[in-house]
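The lines below spell out each chain.
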Amino acid sequence: MTTTLIRNAELVVAWDGSAKAHTYMPDADVAFADGTLTFVGRGYEGAAETVVDGRGLMVMPGLVNIHSHPSSEPLNKGFLDEIGSPGLYNSSLYEYMPIFRADAEAVPHCVRVALSELLLSGVTTLADLSMAHPGWLDLLAEAGMRVCVAPMFRSARWYTRNGHVVEYEWDEKAGEKAMEEALRLIERAEQHECGRLFGMVVPAQIDTCSAGLLKESRQEANARGLSWQIHAAQSVVEFHEITRRHGMTPIGWLDSMGLLGERAIIGHGIFLDDHPSTRWHTETDLKRLAETGTTVAHCPTVFARRGIAMKDLGRYVRSGVNMGIGTDTYPHNMLDEMRLAAHIARTQAGNPRTMTTTDLFNAATIGGATALGRDDIGRLAVGCKADFSLVDITHPMIRPAYDPVRSLIYAAGDRALKALYVDGNKVVEDGEVLTMDYRQAAAHLHEAQKRVVGRVPQQDWAHRSAEKIAPPTFHWS
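What you are looking at is a predicted structure, and each value in this text was computed from that prediction instead of being measured. (Residues numbered from 1 in each chain as written. Predicted model: local features only at pLDDT ≥ 70, side-chain atom pairs only at ≥ 80, totals over all residues. Heavy atoms only, no water.)

(A) Layout of the nonpolar core. The biggest cluster of nonpolar side chains holds 95 residues, and the ones touching the most others in it are Leu254 and Met338. Beyond its immediate sequence surroundings of up to four residues, Leu254 is in contact with Ile206, Leu214, Trp228, Ile230, Ala232, Leu259, Leu260 and Ile266. (Core = buried A, V, L, I, M, F, W, Y, C linked by side-chain atoms within 4.5 Å. Buried < 20%, exposed > 50% of the residue type's maximum accessible area, 1.4 Å probe, protein only. Contact = heavy atoms within 4.5 Å.)

(B) Seen up close, helix α5 (residues 236-246). Every buried residue belonging to α5 is among Val236, Val237, Glu238, Phe239, Glu241, Ile242 and Thr243, and all of these are buried. Buried positions along α5 lie against β10 (166-170), β12 (227-232) and α6 (250-256). Note on α5: the residue one or two positions beyond its end, Gly247, has a positive phi of about 70°. (Helix = DSSP H or I, 4+ residues; strand = E, 2+ residues; numbered from the N terminus.)

(C) Seen up close, the sheet that holds strand β11 (residues 197-203). Read once around its circumference, the closed barrel built from eight strands follows the order β6-β7-β8-β11-β12-β13-β14-β15, with strand pairing classed as parallel. If you compare each strand with its neighbour and ignore which way they point, the axes differ by 30° on average. The strands that helix α2 (residues 136-143) touches are β7 (123-130), β8 (146-153) and β11; relative to β8, the one it contacts most, it runs at about 155°. (Pairing = 2+ DSSP bridges. Axes fitted to C-alpha atoms, helices over the stretch in contact; angles between N-to-C directions.)

(D) Highlighting the side chain of Thr354. With respect to the helices and strands, the residue Thr354 is situated in the loop between α10 (334-349) and α11 (357-371). The exposure class assigned to Thr354 is buried, which follows from its relative accessible area of 4%. In this structure the side chain of Thr354 is engaged in a polar contact, spanning 2.8 Å, whose partner is the side chain of Asp312. With residues up to four places along the chain from it excluded, the contact list for Thr354 reads Asp312, Gly314, Arg315, Arg318, Ala345, Arg346 and Ala349. (Polar contact = N/O pair within 3.5 Å; in protein donor to acceptor, adjacent residues only side chain to side chain.)

(E) How the structure looks around the pattern of salt bridges. By the definition in use, this model includes 27 salt bridges. The closest approach of N and O atoms between Lys426 and Glu429, which form a salt bridge, is 3.2 Å. The exposure class of Glu429 is partly exposed, given its relative accessible area of 35%. (Salt bridge = Lys/Arg side-chain N within 4 Å of Asp/Glu carboxyl O.)

(F) Structural view of unusual backbone geometry. A cis amide bond, omega -15°, links Tyr330 with the succeeding residue Pro331. Position of Pro331 relative to the elements: it lies in the loop between β15 (322-327) and α10. Omega for the peptide link from Arg399 to Pro400 comes to 0°, which places this bond in the cis form. Positive phi values are uncommon outside glycine, yet Asn90 reaches one of about 70°.

(G) Quick peek at the packing of α10 against α11. Where α10 meets α11, the axes come as close as 11 Å, and the angle between the chain directions of the two elements is 135°. Relative to α11, the element α10 is oriented oblique. Read as a crossing pair, α10 and α11 show a hand that is right-handed. Residues Met334, Met338, Ala341, Ala342 and Arg346 of α10 pack against Thr357, Leu360, Phe361 and Ala364 of α11. Here the contact of α10 with α11 is built from residues that sort into seven nonpolar, one polar and one charged. (Parallel < 35°, antiparallel > 145°, perpendicular 65-115°, else oblique. Left-handed = near helix turned anticlockwise from the far one by under 90°. Nonpolar A, V, L, I, M, F, W, Y, C, P; charged D, E, K, R; others polar.)

(H) Here's a closer look at the UniProt feature "domain: Amidohydrolase-related" (unreviewed entry) in the protein chain. Taking the numbering used here, the UniProt-annotated feature "domain: Amidohydrolase-related" (unreviewed entry) corresponds to residues 58-427. For the annotated span residues 58-427, helix accounts for 36% and strand for 21% of the residues, and the straight-line distance between the end C-alpha atoms is 17 Å. (UniProt positions renumbered as here; feature names shortened; annotations may be inferred.)

(I) Broad picture of a negative patch on the surface. A cluster of like negative charges, contributed by Asp171, Glu172, Glu176, Glu180, Glu181 and Glu216, occupies part of the molecular surface. Broken down by element, the residue count for the negative patch peaks at four residues, all from helix α3 (residues 172-190). Following the sequence through the fold, Glu172 ends up in helix α3. Judged by relative accessible area, Glu172 falls into the partly exposed class, the value being 43%. (Patch = residues over 30% accessible without salt bridge, like charges linked within 9 Å, V, L, I, M, F, W, Y side chains within 5 Å. Areas by Shrake-Rupley, 256 points an atom, 1.4 Å probe, with all protein chains shown as cover. Lys, Arg positive; Asp, Glu negative; His and termini not counted. Charge placed at Lys NZ, Arg CZ, Asp CG, Glu CD.)

Encoded structure:
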C-alpha cells in the first residue's frame, strides 16, 4: 500500500464528525492510500512514499453534482442562451431543445467537453442523466471521475406542432423495455473494472411517464438500494399538464403514489403550489418534500437564462429540504453554478440573509452525497474516498483570504483550482485535465455543431433556420 501525504496544508476543509459539519482546519496534514483517506488532522507521523508540500494550498472535498446531461448539453452553446418559447412560458424544452440534438458522432465529444469542465471546476462525483449511448461506460471511466450512471427512460415523447401546445406520443411498452435496458446497463456499470461507477434509476420526466412506470421504477430502485430521480416541477407547462390530468400538483401526485422519500431526487422542483407562476389552492408541496426527506436538485443557470427562478434556495433549506446542486446545462462549471445559486436566491427573496455560503457548500457536497446514498464522498474524514481538490489560496483572486471558500465561490472560481484528485489519482493539474483531451473534444464539437445547424429547418415544426430561431449577436457580413 503506497501512501501519499499532503504535508502542512495551509488550510483543510475537514469534516467534524461530532458536529456533522465542515470545519476550517489550518496547518493540517492529509494522507491517503488505495483511494481512501487514512489521516486528516495535524502532526502526521506515519510513513509516506509521496509527499506534497501543502504550503499555500487549501485541501477541499470534491464537489458532488447530482444532475447533469453531458451527452447533449455542450453542443447547445450559442443556440439556447437567449431563447425560450413565448407560447410555452419561455421554456425551451418542447420547441427548441429537440431540434438542436447531437448526432451519434458528436456525443463522445459532448461528454468529454462536459466532464473536462466539471473536473476543472472541482467536481469529483457526477450524476450523468443521459439516454444510453455506445461506449458510455468506458467513456466515463476514461475521465477518471466518480460517476452515478443514470440512463433515462420514459413512456412518451413530447412535441409541439405550433409553438404553444405540447402534445404527447405514448408507447408504454417501449417505456417498460427501456427501463429494463437501463437496469441492465446499471448492473454493468457497477461491475466496471474502474470501480468508480454506480447507478441511479431515472424515469425521465413526470409528464412523459405512466403511473405504472413511475411506481415500478421506484420499486426497482428500492430493491437495488439505488437513488431514484425524476424531472418534476420544472416548467409551467408541466405543472398545468399534471394538474389537468390528476387534479394534483406534480409534487402532490408523486406523494400520493408514495414516490417521495429518502433517496428520491426531484430534478429542479421549482414550480411548487405556492410559486407565483403556478399558484394552486394548496400550500403543501414544500412541506411534503421536507417531511419525506426528498432531495431537490437545484440547477439555476438553465432557468435564469429564461427569466425563471426558484423561490428560493434559502427557503427550501430553512424548511428542511435536502438540497443538491447540478449543472443541467453548459457551461459545466460547478463553482459558477454555486455562485449563481446564491445570487438568484438572494434576489428572489429580496434578502441577502435568506441563505449562507455554508448552506450552499453543504448542498454541493454532503447534500449531494446524501441524495446518492453515499457517506464516503463530499467530506474529508478518515475512511472516506480520496476525492478532493487543492486550491491555491495565494491566488490574487482569492486574496485577501479572510474566508477562502467564500472567496473561491464568489471571486476566484476555477482559476484558483491547482489540482484535483479522484480515488487518490490526480486528474487535473494547473488548469489541465490529465485524463482526456479537452481542447480536441471542443474542436470536434465545433464541427459537429455545424452539422446540426444544417439540419435545423428539417427538425423544426415551422422549418425555420438556426439563425431565425437564435439570431446571432451581430450580423455576419
